[in-house]
Amino acid sequence: MNHQTSTTDNWDAVRAACLEILPEHIVAFIEQNQDLEHSEGQLIATLHMVQAHFGFLGRDKMHAVAQLAQVPLAKVTGVATFYHYFRLQPRGKHIINVCLGTACYVKGADKLSQRLMDDLGIQFGETTKDGVFSLDSTRCLGTCGLAPVVMVDDQVYGPVTPGEISIILEKYSRREKSSRL
Amino acid sequence: MPNPVTDFFEALTDRTRTRLAERGDAQKTIIQIGSATCEHAAGSQDVLEEFTKHIQASGRDDVIVHKTGCTGRCSKEPIVGISIPGRPPVKYERVNREIVHKIFTQHIQKGAPLPEHALDNSLDHQYAFEFVFCQGLRCNHLGGLKESFEQLLRQHKIPEDQVRVSTHGCFGTCSEESVGQAAFVLVRPSKVVYRVKDQTDLELILREHIRGGRIVEPLRVTRKPISQDFFDLYADVSFFSAQNRIAMRNSGIVNPESLEEYISLGGFKALATALSKGDPEWVINEVLKARLRGRGGGGFLTGQKWKLATQNEEKTRYIICNGDEGDPGAFMDRGMLESDPFSVMEGMIIGAYAIGACKGFYYIRAEYPLAIKRIQNAIDLCRAAGLLGKSVMGSGWDFDMEIRLGAGAFVCGEETALIRSIEGERGQPKVRPPFPTTRGLWGKPTCINNVETFANITAIINYGGDWFAQVGTEESGGTKVFALAGKVKHTGLVEVPLGTPLRDVVFGIGGGVQDDKALKAIQTGGPAGGFIPASMDTLPVDFGPLAKVGSIMGSGGMIVLSEEDCMVDISKFYLSFTQEESCGKCTPCREGTTRMLEIMERITSGKAVMEDLDKLERLARLCQQTSLCGLGRAAPNPILSSLKHFRDEYTEHIVDKVCRAKKCVALVRYEVSPDLCIGCTVCARNCPTEAISGNRKEVHVIDQNRCVKCGQCYEVCRFDAVERK
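Residues numbered from 1 in each chain as written. Chains lettered and ligands numbered in written order. Predicted model: local features only at pLDDT ≥ 70, side-chain atom pairs only at ≥ 80, totals over all residues. Heavy atoms only, no water.

Asker: Describe the overall build of chain B, with residues and values.
Answerer: The number of helices and strands found in chain B is 29 helices and 21 strands. Reported as C-alpha extents along the three principal axes, the dimensions of chain B are approximately 85 × 65 × 50 Å. When the 725 residues of chain B are sorted by exposure, 58% land in the buried category. Sequence separation of 24 or more characterises 71% of the internal contacts of chain B that already satisfy a separation of 6 or more. Of the accessible surface of chain B, which amounts to about 27900 Å², a share of 49% is contributed by carbon and sulfur atoms. Taking the 89 positively charged and 91 negatively charged side chains of chain B as two groups, their mean positions are separated by 1 Å. (Helix = DSSP H or I, 4+ residues; strand = E, 2+ residues; numbered from the N terminus. Buried < 20%, exposed > 50% of the residue type's maximum accessible area, 1.4 Å probe, protein only. Contact = heavy atoms within 4.5 Å. Areas by Shrake-Rupley, 256 points an atom, 1.4 Å probe, with all protein chains shown as cover. Lys, Arg positive; Asp, Glu negative; His and termini not counted. Charge placed at Lys NZ, Arg CZ, Asp CG, Glu CD.)

What follows is the structure, encoded as structure tokens:
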């Protein structure tokens, strides 16, 4: 089934409104897909792009994707909430992921998690008040040989002991402080 | 008869050869550095940068850096290999910037290797020659050749530190042999393979090769053993020499971003063979002969699956590579996608040709950014070289592929859910039948195979289905890659022939349990698998035997558990995983896993009664029998297998309120021993809840009502005065 791009008489206004929310390259990606066979299959890819750009999927952004791709908003939200990788809330500047895969678990990832929650004063899925750190758990980063591991942004640390947590956090908060000065 | 595919392939290999010759790497010193997610995490990028600086500073243009994937020796990363022309390669472990400086100034500049940093002490003994005898069934038939050779060496008084004799898994060189009996021997570092029949041949080798340093041409075979490049580089490390590398033959050898290097290692020969024959049925028959079973967990015969897809009248067919490796504790697919993407790709193109697919999809987890990057690069390079797209290799058959990203849903590893996800929907499974081979992606016949399955295809085509079948067992051919992790000394990727006893993997290759603790159980198959108690460690790894004891082969996670692990706790961990990952479509899985988890919570917190155990078992069976998809049906496996083999631990938790491994926090209490406490106050200062009281130089006391059992005091006490009961 192929979706027509212009099914409404106010298409130009709709498109302009979406362009205010989404960056051009994402709009171009959606529009270019509309002409392809099975264009609805690109929804997940589109959401990946939105999240890569904004760090999360906000309501207005999902709405814009739904409008442009001509799919019901309910479907976009349905997909976005089904997959763990998509976030609906803004995140901290640095994202800390504690690996809770089996290898890390048997090597003490629970202690690392506890230490991080104590040190940051937040639970999994939350962001610190200053907006610097978000804490999350992940299911296996595939670096089981280095268990237990903690990933901050794209950097993987392992094997980490609870004592080393404060050193890792310090590294990032110091960088934050110096960039603010 | 001229064949466009053969011509295309010859032109391709010629071009590659010329280009590689222009680079002239054969005369250069090569610094090989691993580059994969795990290597990067261990610091290989720093190492790479440091070497580059050193090369620039020294002004040497005969030293180059060669980026490869990962060999799977995780706990010793970053690994660096130094190959100086004419000398055996040396590997170093856990290299950092400081060691880089030492390696460069002493080994590369002055030619003196550093045994103290060598991988697994591989430099402690250096031999002039190493003779590796093939251990394949056919070669072993003769028997005793290795022993005769060792005897011969002793008779001729060849010093033991000069020549080493060892064995290795099947070379694959025998696959084209039809007459006579012989055994194959590989000589390192000479890169020669001899075909040895009898004592006379052995004597000839001793006289000519060892004494004279000349290659015995009449005995030499030109066919390359399947993992010769791997042997050449790594055979002196015990972790590797006990393995049999087929699916991972190029991992850690080839530059995963270079198509030319892959071709120079025999790449795309299998595709050329398949296409030039022009007979998809021949491909399917070879794969059937190989008895290759799906490596993703199901264990369905790959050839059979392909055959089913071709029997459909619908001509628009799809092929999908399942790289949604969500099983916590498994990383073989990531390893192969990152370290040898072209081999997975070639296997997939061959599969597509066999079933007559027009389009292929890689479904990869978004959590594997490097794997995605390398596969995209491989697709681009293959397309540019005419290996993908219109008329693949000049055969007239069109095929192209693209990547689709997963988004962190474990259930998408299930094939019908994966198809929904590619269609852009929520990844919820459908009822089977119809199976995807009948009605799959967009209603068309679709074959979904695992990454490792595809990685084996090229070897089957190149070396023959019969050869592949004899590597494994009666039921299933070939090898299996395991991600060995948990409480084991050497963690990493291990590839062994199917049918190898578990014991050989854990103790032989893995080096045994960490800190020499007692082995309690081995867990295979991840959250869908089960536990194999230590008493059954002679069990052969194969689909059938594992299922018989209540576990599954799964995708290849192998977690070693020691006496310090609580089986109830680990079972709860797996269940909490599947509970969270349940898609919620069918009631038995959605509600069943939740209720079971509640019971497990009660057990580990000491609030359960014996009746709960029966309830748990009943629910588990119900969930197993009535769930819609594999996730739900397999979710109770950890519970059922731990109940079967470790029921006494459950009873202890419920009746005695004791966790013998001291893992279940609610059942543990901390006390200060009055005899050992000297009153140093360290524990009191570290207690987060101020539950410890006592003055300096007085015995401290823990207030059990305030204690949150965090275990800080236990860890910080230097006098072992805090006891965990």
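Asker: I'd like a rundown of the pattern of salt bridges, residues and numbers included.
Answerer: Residues and elements named next belong to chain B. Tallied over the entire structure, the rule returns 58 salt bridges over all chains. Residues Glu452 and Arg295 are paired through a salt bridge, measuring 3.9 Å at the closest nitrogen-oxygen approach. Of this pair, Glu452 sits in helix α18 (residues 451-463) while Arg295 sits in the loop between α12 (280-289) and α13 (302-310); the two residues are 157 residues apart in sequence, bridging distant segments of the chain. You'll find Glu452 and Arg295 in the same group, each marked buried. (Salt bridge = Lys/Arg side-chain N within 4 Å of Asp/Glu carboxyl O.)

Asker: Summarise the interface of chain B and chain A; cite the residues concerned and give the values.
Answerer: Counting residues at the interface gives 57 residues for chain B and 34 residues for chain A. When residues of chain B are sorted by the area they lose upon contact with chain A, B:Ala407, B:Arg426 and B:Phe573 head the list and together hold 16% of the total. Applying the counting criterion to the chain B and chain A interface returns two salt bridges. The shortest N-O distance in the salt bridge between B:Glu715 and A:Lys111 comes to 3.2 Å. Summed over the shared surface of chain B and chain A, the result is 17 residue pairs in polar contact (both at pLDDT 80 or more). Of all the secondary-structure elements, those providing two or more residues to the side of chain B that touches chain A are α2 (37-42), β11 (400-405), α17 (415-422), β13 (479-486), β17 (557-562), α22 (567-581) and α29 (712-716) of chain B. With eight residues, the single largest contributor to the side of chain B that touches chain A is α22(B). (Buried area = accessible area lost by both parts, 1.4 Å probe. Polar contact = N/O pair within 3.5 Å; in protein donor to acceptor, adjacent residues only side chain to side chain.)

Asker: Residues and numbers for the domain arrangement of chain B, please.
Answerer: Per the domain assignment, the segments of chain B are domain 1 (4-121), domain 2 (129-236), domain 3 (267-470), domain 4 (479-565), domain 5 (568-656) and domain 6 (669-724). Between the C-alpha centres of domain 2 of chain B and domain 5 of chain B the distance comes to 53 Å. (Domains from an automatic or database assignment.)

Asker: Let's hear about the side chain of B:Ser555: which residues, and what values?
Answerer: Inspection of the secondary structure puts B:Ser555 in the loop between α21 (543-548) and β17. For B:Ser555, the contacting residues outside a window of four places in its chain are B:Arg295, B:Gly296, B:Gly297, B:Asp327, B:Ala330, B:Met332, B:Glu452, B:Lys480 and B:Val481.

Asker: Describe helix α1 (residues 4-23) of chain B, with residues and values.
Answerer: All names here are of chain B. Over its 20 residues, α1 extends 29 Å from the first C-alpha to the last, a length consistent with the 28 Å expected when each residue adds 1.5 Å. On the buried face of α1, the contacting elements are α10 (259-264) and α11 (269-277). A side-chain oxygen of the first residue of α1 lies 2.9 Å from the backbone nitrogen of Val5; this N-cap is Asn3. With its phi angle positive at about 60°, Gly24 sits one or two positions after the end of α1. (Expected span 1.5 Å × (residues − 1).)

Asker: Help me get a handle on the pairing of strand β1 (residues 94-99) of chain A, residues and values and all.
Answerer: Residues and elements named next belong to chain A. When you tally the buried positions in β1, you get five out of six residues, the bulk of the element. By the bridge criterion, six bridges tie β1 to strand β2 (residues 133-138) in an arrangement that is parallel. The residue bridging Asn97 from the neighbouring strand is Asp136, located in β2. In terms of strand pairing, β1 meets strand β3 (residues 150-152) through three bridges, oriented antiparallel. Following the sheet pairing, Val98 is matched in β3 by Val150. (Pairing = 2+ DSSP bridges.)

Asker: Can you explain the domain arrangement of chain A? Please cite residues and give values.
Answerer: For chain A, the assigned domains are domain 1 (3-82) and domain 2 (94-180). A C-alpha centroid distance of 33 Å is found between domain 1 of chain A and domain 2 of chain A.

Asker: Give me the packing of α22(B) against helix α23 (residues 587-604) of chain B: which residues, what numbers.
Answerer: Residue and element names in this part refer to chain B. It is the contact of α22 with α23, at a shortest axis distance of 10 Å, that shows an interaxial angle of 155°. What the angle tells us is that α22 and α23 run roughly antiparallel. By crossing handedness, the relation of α22 to α23 is classed as left-handed. Side by side, α22 and α23 meet where Val568, Ser571, Lys572, Leu575, Ser576 and Gln579 of the first sit next to Thr593, Thr594, Met596, Leu597, Met600, Glu601, Ile603 and Thr604 of the second. Here the residues of the contact of α22 with α23 are counted per class, giving six nonpolar, six polar and two charged. (Axes fitted to C-alpha atoms, helices over the stretch in contact; angles between N-to-C directions. Parallel < 35°, antiparallel > 145°, perpendicular 65-115°, else oblique. Left-handed = near helix turned anticlockwise from the far one by under 90°. Nonpolar A, V, L, I, M, F, W, Y, C, P; charged D, E, K, R; others polar.)

Asker: Before we move on, could you go through the nonpolar core and cite the residues and values that matter?
Answerer: Residues and elements named next belong to chain B. With 153 residues, the main nonpolar core has Phe268 and Tyr362 as its most contacted residues. The leading source of residues in this core is helix α15 (residues 341-355), at ten residues. When residues no more than four places from it in sequence are discounted, the contact partners of Phe268 are Phe9, Leu259, Tyr262, Ile263, Glu346, Ile349, Cys382, Leu387 and Met393. Counting residues in each nonpolar core, the second largest holds 47 residues, with Cys412, Phe577, Cys586 and Cys589 among its members. (Core = buried A, V, L, I, M, F, W, Y, C linked by side-chain atoms within 4.5 Å.)

Asker: Describe the sheet that holds β13(B), naming the residues involved and giving the relevant values.
Answerer: Residues and elements named next belong to chain B. Reading across from one edge, β14-β13-β17-β15-β16 is the order of the five strands in this open sheet, with mixed pairing throughout. Edge positions in the sheet fall to β14 (492-497) and β16 (530-533), since each has one partner strand and no second. The average undirected angle you get between the axes of adjacent strands in this sheet is 30°. In the sheet, strand β15 (residues 519-524) pairs with β17 via five bridges, with the strands oriented antiparallel. Among the inter-strand pairings, Leu519 is bridged to a residue of β17, identified as Ser562.

Asker: I'd like to hear about the environment of B:Thr416, residue by residue, with values.
Answerer: Residues and elements named next belong to chain B. With respect to the helices, strands and loops of the structure, Thr416 is situated in helix α17. For Thr416, a relative accessible area of 7% corresponds to the buried category. As a C-alpha pair, Thr416 and Ser642 span 226 residues in sequence and 29 Å in three-dimensional space. Dropping the residues within four chain positions of it, Thr416 is found in contact with Gln428, Pro429, Lys430, Arg432 and Pro436. Only 3.0 Å separates the side chain of Thr416 from the backbone nitrogen of Lys430, close enough to count as a polar contact.

Asker: Give me the packing of aromatic side chains: which residues, what numbers.
Answerer: Residues and elements named next belong to chain B. Tallied over the full model, the rule gives 23 aromatic pairs over all chains. With 5.2 Å between their ring centres and 40° between their planes, Phe230 and Tyr234 make a pair best called tilted. With Phe230 and Tyr234 both in helix α8 (residues 228-234) and four residues apart, this pair spans about one turn of that helix. The exposure class assigned to Phe230 is buried, which follows from its relative accessible area of 2%. (Phe/Tyr/Trp six-rings, centres within 6.5 Å; stacked < 30°, edge-to-face > 60°.)

Asker: Run through the pairing of strand β5 (residues 129-134) of chain B, naming residues and quoting values.
Answerer: Residue and element names in this part refer to chain B. Taking burial as the measure, the six residues of β5 include six buried ones, the bulk of the element. What you see with β5 is no split at all: Phe129, Phe131 and Phe133 on one side and Glu130, Val132 and Cys134 on the other are buried throughout. Sheet topology places β5 next to strand β7 (residues 183-188); four bridges connect them, and they run antiparallel. From the neighbouring strand, Phe131 faces β7, where its bridge partner is Val187.

Asker: I'd like a description of unusual backbone geometry, backed by residues and values.
Answerer: For the bond from A:Gly158 to A:Pro159, the omega torsion is -10°, close enough to zero to count as cis. With respect to the element layout, A:Pro159 can be found in the loop between β4 (155-157) and α8 (165-180). One non-glycine residue, B:Asp720, adopts positive backbone phi at about 50°. Residue placement: B:Asp720 occurs in the loop between α29 and β21 (722-724). Relative accessible area serves as the criterion here: at 61%, B:Asp720 is assigned to the exposed category.

Asker: Please provide a residue-by-residue account of the side chain of A:Thr138, values included.
Answerer: With respect to the helices and strands, A:Thr138 occurs in strand β2. With near-sequence residues (within four places) excluded, A:Thr138 lies in contact with A:Asn97, A:Val98, A:Cys99, A:Leu100 and A:Gly101.

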